[in-house]
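Commentary on secondary and tertiary structure
This is what each chain is made of:
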Amino acid sequence: KPHLRLTGVHRHYGEGERLVRVLEAADLTVESGELVALVAPSGAGKSTLLHLCGLLESPQAGEIEIVGQPTSRLGDRARTRLRRSTVGYVYQFHHLLPEFTALENVVMPQLIAGRSPKQAEGRAMELLDLLGVAQRAEHRPAELSGGEQQRIAIARAAANRPRVILADEPTGNLDPETSDRVFAALEGLIRNEGAAGLIATHNHDLARRADRIVTLKNGLVVPHTL
Ligand code: ADP
Ligand code: ADP
């Protein structure tokens, strides 16, 4: 079963003259270990799609299944619980906690999820190592480069072994070389951990490294070539 499946998803905003139809009967499936790049112009609905996939917004119609579980009939608490246990979200700007070290930033979501400090640290170090920032474990975010900060943010998003990893312009404010390393780290993580990855990016070179590229057209998610 795919880790992420959208079927017939509708999402519009406003009404009357202000109606904006973003998605109309959109379908999308992302398998375990698969990396899909989402490339579309600004305002096309990339953030909306990612928010829907991450259960941060609800569609007006259609179904979103995460690891086979339909979500349209879930109440708020059940949605939040499912989101916390299955979805990892990476943003363009990292939102790390400034007063904590890199390691602590990756440990924290695991403690909240009920893991022991020892287990959490083990997992955090494994991730920092995988992302090539293990030597930065004791540094605070302000002491790290943009690329390092973003890799810590990726480690944090992955800490609780999410089955779905969503990234909204994760390299949007990085220079080309750093973008490359950060994207490679994200890609390695998704494949290594068998998560379903959906990454919105304007960077065509990076998008080409995904298994598939999709775009948004007439409210649908459609295959795309660059
Ligand atoms: P992208 O991420 O591709 O730039 P968005 O998903 O942010 O696109 O937005 C898609 C469209 O939906 C835009 O026209 C935007 O103005 C509109 N939109 C997004 N969120 C809202 C909202 N909360 N209320 C009204 N319109 C919105
Ligand atoms: P946590 O379990 O750490 O409190 P949440 O359940 O709040 O995490 O959120 C799960 C994921 O969704 C996280 O990656 C978080 O950054 C993201 N997220 C939570 N709320 C929002 C929001 N309002 N807008 C965008 N992303 C959000």
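Everything discussed here concerns the structure shown above.
This report concerns the structure included in the present document. Since the structure is predicted, the reported quantities are computational estimates derived from the model, not experimental observations.

What counts and what doesn't
Residues numbered from 1 in each chain as written. Chains lettered and ligands numbered in written order. Predicted model: local features only at pLDDT ≥ 70, side-chain atom pairs only at ≥ 80, totals over all residues. Heavy atoms only, no water. Phe/Tyr/Trp six-rings, centres within 6.5 Å; stacked < 30°, edge-to-face > 60°. Buried < 20%, exposed > 50% of the residue type's maximum accessible area, 1.4 Å probe, protein only. Salt bridge = Lys/Arg side-chain N within 4 Å of Asp/Glu carboxyl O. Helix = DSSP H or I, 4+ residues; strand = E, 2+ residues; numbered from the N terminus. Core = buried A, V, L, I, M, F, W, Y, C linked by side-chain atoms within 4.5 Å. Contact = heavy atoms within 4.5 Å.

Moving on, we come to the packing of aromatic side chains. Tallying each qualifying case throughout the model produces one aromatic pair. Taking the centre distance of 4.8 Å and the plane angle of 20° together, the rings of Y89 and Y91 count as stacked. The buried category is assigned to Y89, whose relative accessible area is 13%. Judged by relative accessible area, Y91 falls into the partly exposed class, the value being 32%.

With that settled, the discussion passes to the pattern of salt bridges. Enumeration according to the criterion identifies 13 salt bridges in this entry. Put simply, R11 and E57 hold a salt bridge, and the shortest N to O gap is 3.4 Å. One end of the pair, R11, is in strand 1 (residues 4-13); the other, E57, is in the loop between helix 1 (46-53) and strand 4 (61-66), with 46 residues separating them in the sequence. Overall, R11 belongs to the buried group, its relative accessible area being 15%. On the basis of relative accessible area, E57 is assigned to the buried category, the value being 16%. Note that E34 and R212 form a salt bridge whose closest N and O atoms lie 2.9 Å from each other. Of this pair, E34 sits in the loop between strand 2 (20-30) and strand 3 (35-38) while R212 sits in strand 9 (residues 212-217), placing them 178 residues apart in sequence. Here the residues in one salt-bridge network are D180, E187, R191, R209 and D211, joined through shared partners.

On to the nonpolar core. Counting residues in each nonpolar core, the largest one holds 39 residues, and the members touching the most others are V106, L127, L128, I152, I154, L186 and I199. Elements with a minimum of two residues in this core: strand 3, helix 3 (102-112), helix 4 (117-130), helix 5 (146-158), strand 7 (164-168), helix 6 (176-193) and helix 7 (204-207). In contact with I152, other than residues within four places in its own chain, are L96, A102, N105, V106, L128, V133 and L144. By size, the runner-up hydrophobic cluster in this structure holds 28 residues, among which are V30, L55, L198 and V221.

These values are about where atoms sit, not about what they do.
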